[in-house]
Amino acid sequence: ALSYFYHNRSGIKIEMPYCGRADLARNAGHLPDKASTWPNTGQENYELDVTGGWYDAGDHGKYVVNGGISVWTMMMQYERAVLADKKAQFADGTMNIPEKSNGIPDLLDEARWQMEFMLKMQAPEGKQMAGMAHHKIHDETWTALATAPSDDTEKRLLRPVSTAATLNLAATAAQASRI
């Protein structure tokens with residue numbers, strides 16, 4: 001089940017031996033993933049580079065709240081394993097991901113992939129909503145089903161900041177810092 005997250009990574013080539021089968025490999029999608037704020041929503045106009053993170057579904061959207069619950073779940077799995085003296089099940093080298101063998105538990109490496117994206121989703125300093133998190137990034141129009149991320153040519157836009165995304169980011173970032 002944890003392999004799912006590698007396969008949904010954005011901004012990185014999905015390749016063997018990590019994807020398990022050659023027919024599951026694909027080119028990097030949305031590299032870079034730069035987006036402007038959605039027009040006519042009352043938010044200031046600026047652009048962010050939010051490369052990375054996980055796609056939520058086939059439409060290539062990336063969400064702070066949806067990804068945050070997964071990051072939290074992974075970190076909770078790790079913390080509970082530590083408490084039960086079973087952290088070896090998540091040791092470095094136990095998952096088939098590019099970061100294996102880097103001295104960090106692989107479960108935390110995968111959680112970090114999304115966490116770094118979520119941190120990029122914050123309105124920048126000097127803006128009216130500085131520090132608040134954008135709810136999601138996605139294409140301006142629906143992406144056609146079965147479109148590979150690397151073939152997606154739709155304009156990417158940031159949805160407005162939201163309290164839900166900001167609190168989700170704050171909670172998961174605090175937990176990540178503690179771990």
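> Just checking my understanding: could you explain the packing of aromatic side chains for this structure?
Think of a pair of aromatic rings as described by two things: how far the centres are apart, and how the planes are tilted against each other in angle. Throughout the structure, instances matching the rule amount to 3 aromatic pairs. Here Y4 and F5 contribute two aromatic rings whose centre-to-centre distance is 5.3 Å and whose plane-to-plane angle is 85 degrees, an arrangement assigned as edge-to-face. By relative accessible area, which is 43% here, Y4 ends up partly exposed. With a relative accessible area of 14%, F5 lands in the buried category.

> I tried to follow the sheet that holds strand 4 (residues 136-139) on my own but got confused; where do I start?
Paired through their backbone hydrogen bonds, the strands of a sheet run either parallel or antiparallel. Judged by pairing direction, the sheet is mixed, and its 5 strands sit side by side in the order 2-1-5-4-3 without closing on themselves. Unpaired on one side and paired on the other, strand 2 (47-49) and strand 3 (62-63) mark the two borders of the sheet. Taken together, the 3 bridges between strand 4 and strand 5 (residues 156-158) define a ladder with antiparallel strand orientation. Residue I137 lies in a different strand from strand 5, and its bridge partner there is L158.

> Looking at this structure, how should I read the environment of V65?
With respect to the helices, strands and loops of the structure, V65 is situated in helix 2 (residues 64-83). Measuring from C-alpha to C-alpha, the distance between V65 and M118 comes to 9.1 Å, with 53 residues separating the pair along the chain. With sequence-adjacent residues up to four places away left out, V65 is seen in contact with H135, A164, A165 and N168.

> I keep staring at unusual backbone geometry and nothing clicks. Help me out?
With the exception of glycine, most residues fall at negative phi, and the peptide bonds are largely trans. Cis geometry is adopted by the peptide bond preceding P17, which originates at M16 and carries an omega value of 5 degrees. Residue placement: P17 occurs in the loop between helix 1 (3-7) and strand 1 (34-37). Backbone torsion omega between L31 and P32 reads 0 degrees, so that peptide bond is classified as cis. Considering the arrangement of structural elements, one finds P32 in the loop between helix 1 and strand 1. Phi at N40 is positive, roughly 60 degrees, even though this residue is not glycine. Residue placement: N40 occurs in the loop between strand 1 and strand 2. According to the relative accessible area criterion, N40 is exposed, its value standing at 81%. The phi dihedral of D85 is positive, around 55 degrees, even though this residue is not glycine. With respect to the element layout, D85 can be found in the loop between helix 2 and helix 3 (106-120).

> What exactly am I supposed to notice about the nonpolar core here?
Across soluble globular proteins, nonpolar side chains have a tendency to be buried as a group. Counting 34 residues, the largest nonpolar core has V50, V71, M118, M121, I137 and L158 as the members making the most contacts within it. Counting only elements with at least two residues in this core, the list comes to helix 1, helix 2, helix 3 and helix 4 (163-178). Of all the elements, helix 3 adds the most residues to this core, at 7 residues.

> Looking at this structure, I do not really get the pattern of salt bridges. What am I missing?
Two side chains that carry opposite charge are able to pair once their charged atoms sit near each other. Evaluated as defined, the whole model comprises 8 salt bridges. With a shortest N-O distance of 2.8 Å, R21 and D23 are connected by a salt bridge. Using a relative accessible area of 46% as the deciding quantity, one classes R21 as partly exposed. On the basis of relative accessibility, which here comes to 57%, the residue D23 falls in the exposed class. The salt bridge involving R156 is made with D33; its shortest N-O contact spans 3.0 Å. Taken together, the residues R156 in strand 5 and D33 in the loop between helix 1 and strand 1 connect sequence positions 123 residues apart. For the pair R156 and D33, one class covers both residues: buried. Through salt bridges that share partners, D33, K62, D139 and R156 make up one connected network.

About the thresholds
- Residues numbered from 1 in each chain as written.
- Predicted model: local features only at pLDDT ≥ 70, side-chain atom pairs only at ≥ 80, totals over all residues.
- Heavy atoms only, no water.
- Phe/Tyr/Trp six-rings, centres within 6.5 Å; stacked < 30°, edge-to-face > 60°.
- Buried < 20%, exposed > 50% of the residue type's maximum accessible area, 1.4 Å probe, protein only.
- Pairing = 2+ DSSP bridges.
- Helix = DSSP H or I, 4+ residues; strand = E, 2+ residues; numbered from the N terminus.
- Contact = heavy atoms within 4.5 Å.
- Core = buried A, V, L, I, M, F, W, Y, C linked by side-chain atoms within 4.5 Å.
- Salt bridge = Lys/Arg side-chain N within 4 Å of Asp/Glu carboxyl O.

Read these as layout, nothing more, since geometry by itself doesn't imply function.
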